[in-house]
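# Notes for the structure review
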Amino acid sequence: MTVAALLSGSPKPLILSLALLAFTIGCSLLTPSSFASEPLRMVVMDPLSKQLACACVQGFAQRDYQALATFMSEKMGRPVEMFVHESLAEAERVTDKKLDLIVGKQSVIRAEAADANIAITPLAMLTDREGKTTLTGLFIVRSDDPAKSIADLKGRKILFGPADCDEKHATALTMMKSLGLPLPAKLETLATCNQTGLAVLEKQADACVISSYAMTLLEGCGTIDKGALRVIGQTAPVPFITAFATSRVSVTDAAAITKALLAVGDNAQLKQKLETRDGFVPCPSSDSAGWTDWRGGPRRDAIRSDMPSKLPTQVRFLWRKKMESPAMAGIAVQPPFLIVADKTSGTKDDTWRCLDAGTGGQLWELTYPAPEEMDYTNTPRATPVIVGEKVYLLGAFGCLHCLELKSGRVLWKRDLLADFGGKLPTWGFCPSPMIDGDRLFTGTASTEAALVALDRHTGKLLWKTAGKPMAHAAMLLDVFGGRRQLIGYDIESIHGWDPETGRCLWSVTPEARDYNVPTPLKFGERLILSSENNATRLHAFNADATIRPQSVAQNDDLKPEISTPIIVNGLLFGVINDALLCLDPVNALATRWRFEDKAFNEYASLIGGNGRVLATTTTGELLLLAAEPQACRVISRLQVFQGQKRRSPDVWAHPALVGNRLYLRSPEEIVCLRLDEN
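Parameters at a glance
- Residues numbered from 1 in each chain as written.
- Predicted model: local features only at pLDDT ≥ 70, side-chain atom pairs only at ≥ 80, totals over all residues.
- Heavy atoms only, no water.
- Helix = DSSP H or I, 4+ residues; strand = E, 2+ residues; numbered from the N terminus.
- Buried < 20%, exposed > 50% of the residue type's maximum accessible area, 1.4 Å probe, protein only.
- Contact = heavy atoms within 4.5 Å.
- Phe/Tyr/Trp six-rings, centres within 6.5 Å; stacked < 30°, edge-to-face > 60°.
- Lys NZ or Arg CZ within 6 Å of the ring centre and 35° of its normal.
- pLDDT = per-residue confidence, 0-100.
- Core = buried A, V, L, I, M, F, W, Y, C linked by side-chain atoms within 4.5 Å.
- Axes fitted to C-alpha atoms, helices over the stretch in contact; angles between N-to-C directions.
- Parallel < 35°, antiparallel > 145°, perpendicular 65-115°, else oblique.
- Left-handed = near helix turned anticlockwise from the far one by under 90°.
- Nonpolar A, V, L, I, M, F, W, Y, C, P; charged D, E, K, R; others polar.

### Things to note about the environment of W497
Secondary-structure assignment places W497 in strand β30 (residues 494-497). Exposure remark for W497: the relative accessible area of 4% places this residue in the buried category. For the pair W497 and S507, spaced 10 residues apart in sequence, the C-alpha to C-alpha distance is 9.1 Å. Sequence-distant contacts of W497, defined by excluding residues within four places in its chain, comprise L451, T465, M470, Q485, L486, I487, G488, G502, R503, C504 and L505.

Here you go:
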């Protein structure tokens, strides 16, 4: 095995480099540090800080940010002054508008900073005791209320939180809309979870939405009796505690602050005081900053916020680089790094190439023997997964590597077949590993260890679960039925597992056997499954977080063999042979329209956002379509690859959309093209 590191010099640590890059883009007033000797003024708006929460629940909501200030002062060699306030306006008044660092609920800080015209840039996020950086909104009712799920709240009075609290306002409304519930003509909101909880208890409303951390405090402080209120559902996760730098902070100071925050993870005593498992971690890349996993990121939903409004009239390549063989694996990008799979030595070796995303120049490569043959070429199938400073690569024959992203240095490796046993799947190992905090989940070919969790930093086995060998679809990690669970297929069934222990929570075996290639999708509180022999189904969950085996809706028109559908504007778009279909999940998965076009031959990769769907076909053509229920409207289309010298286009690798750049892989090359007209 060889790793040819072609980087020159000694690059800065990746996390700080990315923070610097994001900070440079995000702040328009950056200047050389003019106040490095001044105190760093940190404003804390965390609702779980000891100054803003009561001490009724032992060991909860008593985060000690003065300890963080002291720690940062020692790390940075400069004083750190800490202020605690519930509002940014009050903090500005007290500090005479000299704010450097703001730590608190992300949606609140963003909203108040926008109102105050304060430029901010996220630097890091604080994990909770479970390692999560998110929170959800909880839909709650009185314990004697007949409602069992959010869907049962149709036509009933619901109280929401303020508009700047995403988890109990915008995300809650999105959840209701996805379930087909009519939204109130006039939203009724209350400022605090105490107020909304008491209003429901006193029968002033039927239900309310509170922050996921609030139930413990409501019961622990005696505001409500334990068991008086009951959770019947929750929203999708939203970002929680985030550290933001203001435009007063220079690039150099931002790097120093970020380094100090990330060092919290190495201090056990401070982590205890901050009630955190992993300390601060780098902010997840915005979708315009990277494409770091199968279908874009950890949510695996292929949704982008910066989709083009139209395609250029002609192809505009920024760069093109020749490859030695065809490819099935998707592309991963975390600027300035791009990871792409190739085969060398006459297809006898797997070769993973790291390219400069801006120029296409090669930075390093990893090559190892993989000479065996299989159907549809022996090239890797799994899209690389980039998390922080590391990239995870899984070959078709089960070779799993963890590499340092900036250099290509191998940190650890495993052979899934040799380590766990079993027979090589017909089409090889296809799904990308799933990363969650410090854990890596992957299926194997073994019945004794069908699903395993590894320490993503060392490769050490954390747990294993027996079962049928895994199928070809990527896994999904999300909240269903109020419980966080890992959802994926084996060769016969669909399962939900507890990510903490690997315990199987439920399983459903459909009537017809399937290859199980398309990825499961989350739609509100429900799960969408699509496959060739069992069509497209919508499943609900019970109060105990188990799936209801009988689907609540089914559509027999959409039977994708390989292509994973996408949800845009509450509509489901999917590809079958020579057609793109639009389904309405809110209305029993009804088919809204069918667009027949030879471009949709066998497979297409779908990316969505901003009311549009971008399809990349195997013929090397891009189609941009409006995500509308009335009829198919093609906004524009663009042929990227013509018939190439050695092979037909045959574009199977999932592309990566990063800002206005689309990275595409054909059998002969990888290209970067601009999707805007500028």
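### Section: the packing of aromatic side chains
Under the criterion given, the structure shown has 11 aromatic pairs. Between Y603 and W652, the aromatic rings sit 5.6 Å apart at their centres with planes inclined by 25°, giving stacked as the arrangement. Placement of Y603 in the loop between β39 (590-596) and β40 (604-609) and of W652 in the loop between β43 (634-639) and β44 (656-658) is noted, with a sequence separation of 49 residues between them. Members of the aromatic cluster, each reached through a chain of ring pairs, are Y376, W427 and Y515. Over the ring of F317 we find R320; its NZ or CZ atom is 4.1 Å from the centre of that ring. When the ring centre of F480 is taken as origin, the NZ or CZ atom of K522, which lies over that ring, is 4.3 Å away.

### Remarks on the confidence of the model for the chain
Note: predicted coordinates in regions of low pLDDT should not be interpreted at a detailed level. Counting all residues, the mean pLDDT for the chain is 88, and 92% of those residues have values of 70 or more. Within the model, pLDDT remains below 50 along residues 1-36, and this stretch shows 79 contacts once partners closer than five positions in the same chain are excluded.

### Observations regarding the nonpolar core
Counting residues in hydrophobic clusters, the biggest one holds 54 residues, and the most contacted among them are M42, Y65, L68, M72, I210, I257 and F280. For L68, the residues in contact, after removing those within four places along its chain, are M42, L261, V264, L270, L274 and F280. Judged by nonpolar contacts, the second largest core, of 30 residues, contains L311, M323, F641 and C672.

### Some details on the packing of helix α2 (residues 65-76) against helix α8 (residues 251-262)
Packing of α2 against α8 leaves a shortest axis separation of 9 Å and a crossing angle of 125°. With respect to α8, the element α2 is oriented oblique. The handedness of the crossing between α2 and α8 is right-handed. Note on element contacts: α8 touches α2 through A256, I257, A260 and L261, opposite L68, F71, M72, K75 and M76. Each residue belonging to the contact of α2 with α8 can be placed in one class, and the counts come to eight nonpolar, no polar and one charged.

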